[in-house]
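Given next are the chains, with one letter for each unit.
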Amino acid sequence: MIDLTWLFDLAARLLPFEVMQARFMQQALVALVLLAPMCAAMGVQVVNFRMAFFSDAISHTAFAGVAVGMLAGVDYRLSMVVFGVAVGLGIMALGRRLALSFDTVIGVFFAAVIAFGLAIVSRNRHVARSMQAFLYGDILTIGSDEILLLMGLLVALMVFQAVGYNRMLYLGVSPRLASAHRIRVRAYQYVFAALLSLVVIFSVWAVGVLLVTAMLVVPAAAARNFAHSAAGMFWWALVVGTTSAVAGLILSAQPWANCASGAAIVLCASAWFVVSLLPAILQRRRAD
Amino acid sequence: MPGITFDNVSVRLGGISILDSVTAEVPEASATAIIGPNGAGKTTLLLALLGHVPYSGTIRMGPNGGSVRLGYVPQRLDLDRGLPATVMDLMVCGRQRLPLWFGVRRKRRERAMELLTAVDAAHLARRRLGALSGGELQRVLLALAIQQEPHILVMDEPSSGVDVGGEHLLCELLESLRARHGFTQIMVTHDLSLVTAHATHVICLNRRVLGQGPIAETLTNDVLGATFGLHLGLADLHDIRAARGEPCSHPGCRHD
């Protein structure tokens, strides 16, 4: 087991607030600094591909994934991840093959996984009580194991973004055009769906099922308003996502706030979005 | 440079026959137009060529059916107007390995500017894609297609969304690009004036092939009547007669 104590101590030194002296806050901060850039980077493509509903559906697989894991006696973290990625790839495979729109395919999966999760949860009160943590998220209980997993996921995701960011922009403009011009559209779509599913499932731990999509979409939406190019959108999303995560965590722990950290993070990102409306409005006026 | 052979190509979608045993040749280095009324299957034939719809039969490109580079200019893009991507971003995103977050390499930028200059769109390089007019976007997509150094340039309704002056410019541009790069050009259009002014070869399609060959020999009244039906009167027959070198009896005709 790799010792991450030095990293938690570093977090406390960099942000010398009173609330950051508790170890669980340091762990939460490190986890969020790993998770927020991932959400921001993937959020750029989620917005470009109009896939917010996709991430919503994956986040709701958490209930079914956890319930199946608990009932089968498997580690619920493993069952969540496997279930989430399987549903993500299933949506992509059917969406590509059927004449139905992606929205409809996602809607069918969404309904099915929620119904499946509810059916299992409603049979067992013990499982039902455990589900509340996934509804609102609980970044404060995250441990070193999960942080190491997040580090691995961050490396995989940044490799994908470094290799695929330009090609994914091509797909965002037109998958048909990209395919005609020899971009491997199918491969990029499947890898993106799998990685996005992983990011969504990890985000459920941080902010809960209800706010996962906001973690992805709000920083990217604000970045669209600030940016003038594809490069600008990426960097702005990272800035908005990461600063919102850090500020939200610290604010949520203040005695006067004392609220769920996930909600505070999304509120900070939403404040960024409001600020971003100003350059967007000015740009529109100049264009008119 | 390779041509294209469609051999007995049929497409059925949702139980409906869209293309019925289409057999046609696109000569090497030609500017071939596929014409026909709405619903004739013109775009479907292009999509089959691009591998975007399932079909039966055979489509051969190139002399040995080997690897062929395609450039594609779609009729329209369902473009997200809020996407903060510039024309330069689009030009380099399919070619550059370095992520765009680290900027555009000088070599890629210079090559993109050369191509944009060739289609009279150099001034659009820093403009957002969502702020382009129909004609501007069409020229940028043409530059993007040429960047593929294509053996075959595939265009779907290249003059849609372009005014008369723009259409004339587009025709001149395509001719000079084809002369310079030597590709085979295949385009779908229902604009007969574009065909007579620009194409060297034509395929008349209405679910099946009703005629094909050089313009002057193929666009006869019989073939056009069979392809377009009673609405033939709307076609610019003066241009067609002029292409055949025939005098026109129409009082206002400029070709007489």
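A few points on the structure. (Residues numbered from 1 in each chain as written. Chains lettered and ligands numbered in written order. Predicted model: local features only at pLDDT ≥ 70, side-chain atom pairs only at ≥ 80, totals over all residues. Heavy atoms only, no water.)

Across its full length, chain B carries nine helices and nine strands. By residue count, 55% of the 256 residues in chain B fall in the buried class. Within the structure as shown, chain B displays about 11,400 Å² of accessible surface, and the carbon and sulfur contribution to it stands at 49%. (Helix = DSSP H or I, 4+ residues; strand = E, 2+ residues; numbered from the N terminus. Buried < 20%, exposed > 50% of the residue type's maximum accessible area, 1.4 Å probe, protein only. Areas by Shrake-Rupley, 256 points an atom, 1.4 Å probe, with all protein chains shown as cover.)

The next point concerns the packing of aromatic side chains. Residue and element names in this part refer to chain A. Within the structure shown, the criterion is met by 13 aromatic pairs over all chains. Judged by centre distance (5.3 Å) and plane angle (75°), the rings of Tyr165 and Phe234 are edge-to-face. Here the residue Tyr165 occupies a position in helix α8 (residues 144–173), and Phe234 occupies one in helix α12 (residues 230–252), the gap between them amounting to 69 residues. Across this residue pair, the class does not change: Tyr165 and Phe234 are buried. Measuring from centroid to centroid gives 6.3 Å for Trp236 and Trp272, while their planes differ by 70°, and the two rings are edge-to-face. (Phe/Tyr/Trp six-rings, centres within 6.5 Å; stacked < 30°, edge-to-face > 60°.)

So, on to the environment of B:Pro150. Residue and element names in this part refer to chain B. In this fold, Pro150 is placed in the loop between α4 (134–147) and β6 (152–156). Once the C-alpha coordinates of Pro150 and Pro27 are considered, the two residues, 123 residues apart in sequence, prove to be 15 Å apart. When residues no more than four places from it in sequence are discounted, the contact partners of Pro150 are Arg69, Leu70, Gly71, Ala145 and Phe183. (Contact = heavy atoms within 4.5 Å.)

All names here are of chain A. At a minimum axis separation of 8 Å, helix α11 (residues 212–226) and helix α13 (residues 261–287) run at an interaxial angle of 20°. Judged on the interaxial angle alone, α13 and α11 are roughly parallel. For the pair α11 and α13, the sense of crossing is left-handed. For the pair α11 and α13, the contacting residues are Ala214, Met215, Val218, Ala221, Ala222, Asn225 and Phe226 in the first and Ile265, Val266, Ala269, Ser270, Trp272, Phe273, Val275, Ser276, Leu277, Pro279 and Ala280 in the second. Looking at side-chain class alone, the contact of α11 with α13 contains 15 nonpolar, three polar and no charged residues. (Axes fitted to C-alpha atoms, helices over the stretch in contact; angles between N-to-C directions. Parallel < 35°, antiparallel > 145°, perpendicular 65-115°, else oblique. Left-handed = near helix turned anticlockwise from the far one by under 90°. Nonpolar A, V, L, I, M, F, W, Y, C, P; charged D, E, K, R; others polar.)

Across the boundary between the two partners, chain A contributes 29 residues, which contact 35 residues of chain B. Where chain A meets chain B, there are two salt bridges. A salt bridge links B:Asp80 to A:Arg224, with the shortest nitrogen-to-oxygen separation between them at 2.7 Å. Inspection of the region where chain A meets chain B yields 14 residue pairs in polar contact (both at pLDDT 80 or more). Of all elements in the fold, only α2 (23–48), α8, α9 (175–180) and α12 of chain A reach the threshold of two or more residues within the side of chain A that touches chain B. Considering each element in turn, the side of chain A that touches chain B owes the most residues, eight residues, to α8(A). Split into classes, the residues belonging to the side of chain A that touches chain B amount to 15 nonpolar, nine polar and five charged. (Salt bridge = Lys/Arg side-chain N within 4 Å of Asp/Glu carboxyl O. Polar contact = N/O pair within 3.5 Å; in protein donor to acceptor, adjacent residues only side chain to side chain.)

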